[in-house]
Amino acid sequence: QAQLVESGGGSAQAGGPLSLSCAASGRAFSSCAMGWFRQAPGKEREFVGAISWNGGRTYYADSVKGRFTISRDNAKNTVYLQMNSLKPEDTAVYYCALSSTFGRVGARTSDYDYWGQGTQVTVSS
């Protein structure tokens with residue numbers, strides 16, 4: 001079992017930054033890949049980015065590449081999502097997710113076994 005808790009959501013102006021955190025407990029976080037997804041009203045949950053167990057590999061959706069950065073601190077059991085140059089279309093509920101299969105870093109929701117409760121991000125123009 002794993003428990004994931006996101007924090008740091010809120011409101012931001014277009015062009016501005018916002019940072020999210022996801023604290024994990026209950027599982028060997030340091031051996032698990034982590035992902036970030038988002039879901040806007042009326043839309044399916046979509047991949048934002050992912051990071052391998054040791055932070056050596058990161059992957060991003062084209063829509064956020066160059067603007068968002070994922071990092072992790074295994075000593076703190078925490079993964080981060082730094083969002084810069086925010087756009088109104090980034091407005092969504094953001095979720096972190098954990099993959100319990102070692103070595104798997106995926107972009108599909110089915111690649112992840114545990115999910116946080118989500119945190120709202122609202123970007124105004």
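Scroll up to find the structure this text is about.
Conventions used here
- Residues numbered from 1 in each chain as written.
- Predicted model: local features only at pLDDT ≥ 70, side-chain atom pairs only at ≥ 80, totals over all residues.
- Heavy atoms only, no water.
- Helix = DSSP H or I, 4+ residues; strand = E, 2+ residues; numbered from the N terminus.
- Polar contact = N/O pair within 3.5 Å; in protein donor to acceptor, adjacent residues only side chain to side chain.
- Contact = heavy atoms within 4.5 Å.
- Buried < 20%, exposed > 50% of the residue type's maximum accessible area, 1.4 Å probe, protein only.
- Pairing = 2+ DSSP bridges.

### Some thoughts on the side chain of serine 99
Inspection of the secondary structure assignment puts serine 99 in strand E9 (residues 92-99). There is a polar contact of 3.2 Å between the side chain of serine 99 and the backbone oxygen of aspartate 111. Once residues within four sequence positions are removed from consideration, serine 99 is found in contact with Cys32, Ala33, Arg104, Asp111, Tyr112 and Asp113.

### Section: the pairing of E9
Of all eight residues that make up E9, seven are buried, and the element is covered over most of its length. Two elements, strand E4 (residues 33-39) and E9, share seven bridges in a ladder whose sense is antiparallel. Paired with tryptophan 36 across the bridge in E9 is cysteine 96. By the bridge criterion, three bridges tie E9 to strand E11 (residues 119-124) in an arrangement that is antiparallel. If you follow tyrosine 94 over to E11, its bridge partner there is threonine 119.

### Re the environment of alanine 50
The residue alanine 50 is located in strand E5 (residues 46-51) in this model. Linking alanine 50 and valine 93, residues 43 residues apart in sequence, is a C-alpha distance of 16 Å. Ignoring any residue separated from it by four or fewer positions in sequence, one finds alanine 50 in contact with Met34, Gly35, Arg57, Thr58, Tyr59, Ile70, Val105, Gly106 and Tyr112.

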